[in-house]
Amino acid sequence: MDLFEEGFAKALQLLLALDPEVLGITLLSLEVSGAATAVSVVVGISAGMVIGLSQFPGKRLVVSLVNTGMGLPPVVAGLFLSILLWRSGPLGFLGLLYTPTAMVLAQGLIATPIVTGITIGAVQGLPPALRLQIQALGATRTQQLWLLVKEARLPLLAAVMAGFGGVISEIGASIMVGGNIRGSTRVLTTATVMETGRGNFDVAIALSVILLSVTLLVNYLLTLVQQRERPR
Amino acid sequence: MSQAAILEARGLVVERGGVKVLGIPAFRLEEGEFVSLIGPNGSGKSTLLLTLMCLLPRAAGQVLWRGAPVATGGDAVAHRRRMAMVFQEPLLFRATVYENVASGLRIRKVPRAEERRRVGASLEQFGLAAMAGRSAGMLSGGEMRRVSLARALVVEPEVVLLDEPFANLDLPTRQGITDDLERVLHETGAAAVLVTHDQSEALRLSDRIVVMQRGEVVQSDAPAAVMNEPANEFVASCMGMETVVEGTVARQVGGEIVMAVAGREISAIGTALPGQPVYCCIRPEHVTIDTTNPAGSSSARNVYPARIDGVSSMGPYLKVRLDCGFPLVATVTGESFTTLGLARGRQVFASFKATAVHVIGRAC
């Protein structure tokens, strides 16, 4: 129990002291996961709308692949992206390996199927005749999509939360393509693993508390937006 | 041909999975006209509305607006913006009543001041002014239908397509909403096509009734004509002719046909060749029930001893099923039923005039 008590005391100390290194790690975590979530929202919602609203041969296979992607192990995403970005790899010339950009790409790869899958479910859960009603109101194609997104906004916010939750807490991909470089690619999860490995449980617990708090705060804000809506 | 109809379809064919579900050689809706589409489920009524709105792909044919063919793409959007459609389900947005009613105007990018004026007026028209700020999801079924109608009519459409918008509503609510719709359509002069299963609603509201069966128009005529002179036995049953019996023309006497029906004779006005197979159609409200033989006191040509086989309530009326050699249905008021001492199994006399019988030719 001493370890936990010491850990929480240390966490409080680091938070209250606004430790520059911890602050930097926290901000980078938010930046990387926030950017990855933003990418996944743009790509995932667009792809989910197209897949959910269209009829095409092989649709079930595509939906199955997306659903499988929702459970994509971060280390697999990290491995795949590492090979692509490796100095001698197909995208090695970009020089992105061990940069925050690579971490955004890896986390985006993890979050996009989650957002896409939930979006497909959300769109398919809307009344089938609603699209006809929107068209009957005289909406253009763009207006139709926007109105459908608005109608599905509650599950879509859940998709954003699931996407963000999936990437802020992942470690495998971040450590593989980011490298946990101090002051450059070290985020809350990679730092926690490192400190645990060193036996610095108090710092590791402190970082975990911060990670949980950040996740809780972001999800609380998104939940506030979501629950502002009254149930139908 | 008269001047171009406001909305028209020519040679319309719609297929689903390679199977033809709609085949309409010609359909016209005139300025300010109210047309009701009647027919059983699956007869193509809703498909016709969706096709007129250019919401379904056509295998063949054209939709025309004031004589000009409507193309697909942007032209179809412009076409839809001249019209409005109300579906069976209210299909309201997850928003307030005001925002729902304003949605069509916002799609058309109507300035906000104009939007407020028109939405305010529409909410008043449909008795929704007090609930403008309420969430649409918290409304009752009847209120949702009102919002749905207000949303459709606030855009001031020239044609309104109504796909059973009053289905599953209780009678008083349905009556109130129908009254409001009738009033607004009268004020705006918009033409309308209503899909309904309720013949009394169709008779009350329509300038013309179109009866559909298996994706085709069976009869298109004024309400009185469809009601009293149905084109075939299917239209007869659709329009509430409860008695449709098979018979054969026995003889022609002057302007009167006498038909043999299940060992009895039924007289009707008209001409037909002896031996011709026919259907005799009789509306229940044209049948009179007496406890004594009315032959001497009534002008009815057709009088039969009958037994009451069954009675069912239809609100203020009772539907009485009679067996007079052939099945016959009559309607009587509850008061008459009690006064005459009618009951199931009782022997009575059923009578109806020759003019009450509509005769339709029948294939052998």
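Refer to the structure above for everything that follows.
Residues numbered from 1 in each chain as written. Chains lettered and ligands numbered in written order. Predicted model: local features only at pLDDT ≥ 70, side-chain atom pairs only at ≥ 80, totals over all residues. Heavy atoms only, no water.

Novice: Teacher, can you tell me more about the sheet that holds strand 9 (residues 208–213) of chain B here?
Specialist: Sheet strands line up and pair through hydrogen bonds in the backbone, either parallel or antiparallel. All names here are of chain B. Taken in spatial order, the 6 strands make up an open sheet running 6-7-8-3-9-10, and their pairing is mixed. For this open sheet the edge positions go to strand 6 (83–86) and strand 10 (216–221), each flanked by a neighbour on one side alone. Taking each pair of neighbouring strands and ignoring which way they run, the sheet shows an average axis angle of 15°. As defined by bridge partners, strand 6 adjoins strand 7 (residues 159–163) across 4 bridges and the pair is classed as parallel. When the sheet's bridge partners are listed, alanine 84 is paired in strand 7 with valine 160. Across the sheet, helix 1 (residues 45–52) lies against strand 3 (34–38), strand 6, strand 7, strand 8 (191–195) and strand 9, angled at about 150° from strand 7, the strand it touches most. (Pairing = 2+ DSSP bridges. Helix = DSSP H or I, 4+ residues; strand = E, 2+ residues; numbered from the N terminus. Axes fitted to C-alpha atoms, helices over the stretch in contact; angles between N-to-C directions. Contact = heavy atoms within 4.5 Å.)

Novice: Looking at this model, I keep getting lost on the environment of B:Arg208. Mind explaining?
Specialist: All names here are of chain B. Mapping arginine 208 onto the fold places it in strand 9. When the C-alpha atoms of arginine 208 and proline 111 are compared, they prove to be 37 Å apart, with 97 residues separating the residues in sequence. Within the local environment of arginine 208, its side chain forms a polar contact with the side chain of serine 220, the two groups lying 2.9 Å apart. (Polar contact = N/O pair within 3.5 Å; in protein donor to acceptor, adjacent residues only side chain to side chain.)

Novice: Before we go on, may I ask you to explain the interface of chain A and chain B in this structure?
Specialist: As a measure of interface size, the accessible area lost when the parts come together is often cited. On the side of chain B, 23 residues touch chain A, which itself brings 21 residues to the contact. At the boundary of chain A with chain B, total buried surface from both sides reaches about 2,100 Å², with 60% on carbon and sulfur atoms. At the boundary of chain A with chain B, the tally comes to 0 salt bridges. Taken together, the connections running from chain A to chain B amount to 7 residue pairs in polar contact (both at pLDDT 80 or more). Every element with two or more residues in the side of chain A that touches chain B is listed here: helix 6 (128–136), helix 7 (141–151) and helix 8 (153–168) of chain A. Counting residues per element, the side of chain A that touches chain B draws most heavily on helix 6 of chain A, at 7 residues. Looking at the side of chain A that touches chain B residue by residue, the class counts come to 11 nonpolar, 5 polar and 5 charged. (Buried area = accessible area lost by both parts, 1.4 Å probe. Salt bridge = Lys/Arg side-chain N within 4 Å of Asp/Glu carboxyl O. Nonpolar A, V, L, I, M, F, W, Y, C, P; charged D, E, K, R; others polar.)

Novice: What exactly am I supposed to notice about the sheet that holds strand 19 (residues 347–352) of chain B here?
Specialist: Residue and element names in this part refer to chain B. Read from one edge of the open sheet, 5 strands run 15-19-16-17-18, paired in antiparallel fashion. Lying at the two open borders of the sheet, with one neighbouring strand each, are strand 15 (288–290) and strand 18 (327–333). Going from strand to strand, the sheet's axes swing by 45° on average, the running direction of each strand aside. Pairing analysis gives 7 bridges linking strand 16 (residues 302–314) to strand 17 (residues 317–323), with the strands arranged antiparallel. Note on strand 17: the bridge partner recorded for arginine 307 is aspartate 323.

Novice: I tried to follow the nonpolar core on my own but got confused; where do I start?
Specialist: Nonpolar side chains in soluble globular proteins tend to end up buried together. Residues and elements named next belong to chain B. Grouped together as the largest cluster of nonpolar side chains are 52 residues, with contacts concentrated most on Phe27 and Leu37. If we ignore the near neighbours within four places in the chain, the residues touching leucine 37 are Phe27, Lys45, Leu48, Leu49, Val193, Leu194, Val195, Thr196, Val210 and Met212. Within the second largest apolar cluster, 37 residues are counted, among which are Phe34, Leu128, Leu153 and Ala190. (Core = buried A, V, L, I, M, F, W, Y, C linked by side-chain atoms within 4.5 Å. Buried < 20%, exposed > 50% of the residue type's maximum accessible area, 1.4 Å probe, protein only.)

Novice: Help me understand helix 1 (residues 2–16) of chain A in this model?
Specialist: In an α-helix there are 3.6 residues to a turn, and that puts residues three or four apart on one side. All names here are of chain A. The terminal C-alpha atoms of helix 1 lie 21 Å apart, and with 15 residues this matches the ideal 21 Å at 1.5 Å per residue to within 8%. Residues of helix 1 that are buried include every one of Gly7, Ala11 and Leu14, and no others. Across the axial projection of helix 1, the buried residues extend over an arc of 70°, all falling on one side. Turned more than 90 degrees away from the buried face of helix 1, the exposed residues are Asp2, Glu5, Leu12 and Leu16. The secondary structure elements touched by the buried residues of helix 1 are helix 2 (20–53) and helix 11 (201–227). In the stretch just after helix 1, leucine 18 is the one whose phi turns positive, near 50°. (Expected span 1.5 Å × (residues − 1). Arc of directions from axis to C-beta.)

Novice: Looking at this structure, how should I read unusual backbone geometry?
Specialist: Note: most peptide bonds trans; most residues except glycine with negative phi. Even without being glycine, A:Leu18 reaches a positive phi, approximately 50°. Within the secondary structure layout, A:Leu18 lies in the loop between helix 1 and helix 2. The phi dihedral of B:Glu156 falls on the positive side, at around 55°, and the residue is not glycine. Mapping B:Glu156 onto the fold places it in the loop between helix 5 (141–153) and strand 7. B:Glu156 gets classed as exposed once you look at its relative accessible area, which sits at 52%.

Novice: I keep staring at the packing of aromatic side chains and nothing clicks. Help me out?
Specialist: Any two aromatic rings considered together are summarised by their centre-to-centre distance and by the angle between their planes. All names here are of chain B. Applying the stated criterion across every chain, the model contains 2 aromatic pairs over all chains. Judged by centre distance (5.3 Å) and plane angle (85°), the rings of tyrosine 304 and phenylalanine 326 are edge-to-face. Of this pair, tyrosine 304 sits in strand 16 while phenylalanine 326 sits in the loop between strand 17 and strand 18, placing them 22 residues apart in sequence. Residue class for tyrosine 304 comes out buried when judged on its relative accessible area of 4%. (Phe/Tyr/Trp six-rings, centres within 6.5 Å; stacked < 30°, edge-to-face > 60°.)

Novice: What's the story with helix 11 of chain A in this structure? I'm lost.
Specialist: Residues and elements named next belong to chain A. Here helix 11 spans 37 Å end to end across 27 residues, near enough to the 39 Å set by a 1.5 Å rise per residue. Residues of helix 11 that are buried: Val203, Ala204, Ile205, Ala206, Leu207, Ile210, Leu211, Val214, Thr215, Asn219, Leu222 and Gln226. For helix 11, the secondary structure elements touched by its buried residues are helix 1, helix 2, helix 8 and helix 10 (188–197).

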